[in-house]
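# Report on the structure
One letter stands for each residue in the lines below.
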Amino acid sequence: MKPRIYYTKPSITDSEVRYATDAAANGWGERCYEYIGQFEQAFKDHLGIEYAIATSSCTGALHLGLAALDIGPGDEVILADTNWVATVSPIVHLGATPIFVDILPDSWCLDPARVQAAISPRTKAIVATHIYGNLCDMERLLAIGGTCGIPIIEDAAEALGSVYHGKRAGTMGRFGAFSFHGSKTVTTGEGGMFVTRDPDLYERVLTLSNHGRARNQKKQFWPDMTGYKYKMSNIQAAIGCAQMERIESLVERKREILATYREALLSLKGASMNPEPPGTINGAWMPTVVFDEPSGVTREMLQQALGAENVDARVFFWPLSGMDMFEPVPQNHNAWSIPGRAINLPSYHDIDANDIDRVIDVIRRISHGG
Ligand SMILES: *Cc1c(COP(=O)(O)O)cnc(C)c1O
C-alpha cells in the first residue's frame, strides 16, 4: 500500500512548540491571559478589525454572537443548506428555526435570490458561510440585509485568507466567526474567534463569554446574567500566536496547492473547482472538484478510486436539511445534487508535489472513464 495522503494536517514548527512550552511553563497567575491577548491582537491586525474574542471553537463564537443578537424561540435564521452542522446547531440550541436555502452552482455559497425569497417577518439573521474558502456574494447579501434590517453574519471558519474586494472574509457582516480546529488553515488544536466592528455587540459577547460577568462588575463571583463558557486557553493561544506569525505563508501555500489542482483538473470534461472571481482572493482552504451531471462521474467512483490509492479525500458537505433532525428541503437542488458528483482533495502545508500528482492522476483516470 502506498503511503497515506491525509486531507488536512497542521503545520507545526519550532515556534509553535516553543510558545506552547512557554505558556505551559510560565503562563499562569498574572500571566494567564498573556498569549490570549497577543493572539487576539495579531488576529485583529491581520483582519483590520476593532474587536476580537478568542473562543474554544467557532461553534462557540457563533453561539455567543447569535445569543448576543437575542436570537431565540420564534425567530428564523437563514443559512445555506450546504454547511457544516456547526453552523446550524447554535441556532437550534437557541430555540430559533433554521431556514435552509439553496446554494449557487459555481460558488457553492448562498444564492442571494433564494435568501431574498426566504425572508419573512420572523427572519432575525442571515448566516453567510464562505464554504471551502469561496466567498459569498456579500454585495447582494449586505444589500438585502440593509433593506430588510436583518444582520448578515459571516461564518468564516473556512475563509481565513479569503478577500472580497479588499475586505477580508469575516469583517463585512455584523460579526464574523473563525475556527482553529486542527483541519483549518490556522490551528490551535481546537479554537475559534469572534470578531466585530460593533462596540456594543463586542461588550455583550465579552460578558456572555465570561459566564455572564460584565467586565466592570467589581463583585466577585457575580454574574450579571446567565452566560456561557467558551474561552480559549492560554496554551492554545500560544500556538495561535506562532501560527499568526506565519499566516502569510500558511495561506500562500494553500493557494499554491489549489492552483496546482486547478491547472491539472479544470481541463477535464465537466469539471469545476473553487472559483476566484475578479476582485476576490480565495483562501483555498479546501480544494474541491465538482463534475457536472453529463460527465457521469459520481462521488462513489471518486471515493472508491481515491480510497484504493490510499488518499483521504472527503465528501462534499451533505445538505443539512437531509439530516434526521430536520425536515428535508429537496427543492434546494444544487445543495442536494452537487455532493453526488464532488470530492474534497487533500491540501496541507507540507504536502509534496508527488502526492498532489498522485491525487491528480486518480481524478484524471476517473474522468477519462478508466
Ligand atoms: C470547522 C467549521 C466550523 C466549526 O468550527 P469548530 O471550531 O469546530 O467549532 C463551523 N463552520 C464551518 C463552515 C466550518 O468549516
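These numbers come from a predicted model, not from an experiment. For every chain, the first residue of the written sequence is number 1, and numbering continues from 1 onward in sequence order. Where totals are concerned, whole chains, interfaces and linings use all residues; where local detail is concerned, this predicted model gives features only for residues with pLDDT of at least 70, and gives and counts side-chain atom pairs only at 80 or more. Side-chain metrics rest on all non-hydrogen atoms present in the structure, leaving aside hydrogens and water.

## A look at the site of the ligand
Note on terminology: near, applied to a residue and a molecule or strand, indicates that one of the residue's heavy atoms is within 4 Å of it. Near the ligand there are 13 residues, and of these Thr 59, Asp 155, Glu 158, Ser 179 and Lys 184 occur at the shortest range. Contacts described as polar in this section are N or O atom pairs within 3.5 Å, which, within protein, must combine one atom able to donate a hydrogen with one able to accept it, while residues neighboring in sequence count only if both atoms come from side chains. Within the backbone of Cys 58, a nitrogen or oxygen atom sits 2.9 Å from an oxygen atom of the ligand. Side-chain polar atom of Ser 179 to an oxygen atom of the ligand: 2.7 Å apart, as the coordinates give it. Asp, Glu, Lys and Arg are counted as charged, while Ala, Val, Leu, Ile, Met, Phe, Trp, Tyr, Cys and Pro are counted as nonpolar; the rest, among them Gly, fall into the polar class. Of the residues belonging to the shell around the ligand, the class tally is 4 nonpolar, 6 polar and 3 charged.

## Concerning the sheet that holds strand 6 (residues 163-164)
Strands were regarded as paired on the criterion that DSSP finds at least two bridges between them. Helix and strand assignments come from DSSP, with helices taken as H or I runs of at least 4 residues and strands as E runs of at least 2, each series counted from the N terminus. With antiparallel pairing, the 3 strands of this open sheet are ordered in space as 7-6-11. The sheet terminates laterally at strand 7 (167-168) and strand 11 (280-281), the two strands that pair on one side only. Two elements, strand 6 and strand 7, share 2 bridges in a ladder whose sense is antiparallel. By the bridge assignment, Tyr 164 is partnered in strand 7 with Lys 167.

## Overview of helix 6 (residues 138-148)
Burial classes follow relative accessibility: with a 1.4 Å probe on protein chains only, a residue under 20% of its type's maximum area counts as buried, one over 50% as exposed, and anything between as partly exposed. Within helix 6, burial applies to Met 138, Leu 141, Ile 144 and Gly 145. Summarising the axial view, the buried residues of helix 6 lie within an arc of 130 degrees, below the 170-degree limit, and thus occupy one face. Those residues of helix 6 that are exposed and angled more than 90 degrees off the buried face are Glu 139, Gly 146 and Thr 147. Immediately beyond the C-terminal end of helix 6, within one or two residues, lies Gly 149, with a positive phi of roughly 65 degrees. What the arc measures is the spread of directions leading from the helix axis to the C-beta atoms.

## Remarks on the domain arrangement of the chain
An automatic or database domain assignment is the source of the domain bounds shown. Domain assignment breaks the chain into domain 1 (14-244) and domain 2 (247-367). Of note, the centres of domain 1 and domain 2, computed from C-alpha atoms alone, are 25 Å apart. Whether two residues are in contact is decided by their heavy atoms: any pair within 4.5 Å suffices. Listed by partner, the interface residues are 40 residues for domain 1 and 37 residues for domain 2. Accessible surface is computed with a 1.4 Å probe, and the buried area is the amount of it that two parts give up when combined, taken over both parts together. With both sides pooled, the region where domain 1 packs onto domain 2 buries about 3000 Å², and carbon together with sulfur makes up 63% of that total. Summed over the three residues of domain 1 that lose the most area to domain 2, namely Asp 81, Trp 108 and Tyr 132, the buried surface amounts to 25% of that side. Each reported salt bridge corresponds to a side-chain nitrogen of Lys or Arg within 4 Å of a carboxyl oxygen of Asp or Glu. Across the contact surface, domain 1 and domain 2 share 0 salt bridges. Taken together, the links from domain 1 to domain 2 amount to 21 residue pairs in polar contact (both at pLDDT 80 or more). Every element with two or more residues in the side of domain 1 that touches domain 2 is listed here: strand 2 (76-80), strand 3 (97-101), strand 6 and helix 8 (234-245). By residue number, the principal contributor to the side of domain 1 that touches domain 2 is strand 3, which donates 3 residues. Residues of the side of domain 1 that touches domain 2, tallied by class, amount to 21 nonpolar, 13 polar and 6 charged.

## Regarding the sheet that holds strand 10 (residues 271-273)
With antiparallel pairing, 3 strands are arranged side by side in an open sheet as 10-12-13. This sheet does not close on itself; its edge strands, each paired only once, are strand 10 and strand 13 (342-344). Across the sheet, the axes of successive neighbouring strands diverge by a mean angle of 20 degrees, strand direction being ignored. Of the strand pairs in this sheet, strand 10 and strand 12 (residues 288-291) are connected by 3 bridges, and their pairing is antiparallel. Within strand 12, the residue paired with Ala 271 across the bridge is Phe 291. Helix 10 (residues 299-308) contacts strand 12 and strand 13 of the sheet and is inclined by roughly 40 degrees relative to strand 13. Each axis is a line fitted through C-alpha atoms, and for a helix only the stretch in contact is used; angles between axes span 0 to 180 degrees, taken between their N-to-C directions.

## Let's talk about helix 10
Regarding helix 10, the residues found buried are Arg 299, Leu 302, Ala 305 and Leu 306. All buried residues of helix 10 lie within an arc of 145 degrees about the axis, which places them on one face of the element. Counted as exposed and oriented over 90 degrees from the buried face of helix 10: Gln 304 and Ala 308. On its buried side, helix 10 packs onto strand 12, strand 13 and helix 12 (353-367). Note on helix 10: the residue one or two positions beyond its end, Asn 310, has a positive phi of about 60 degrees.

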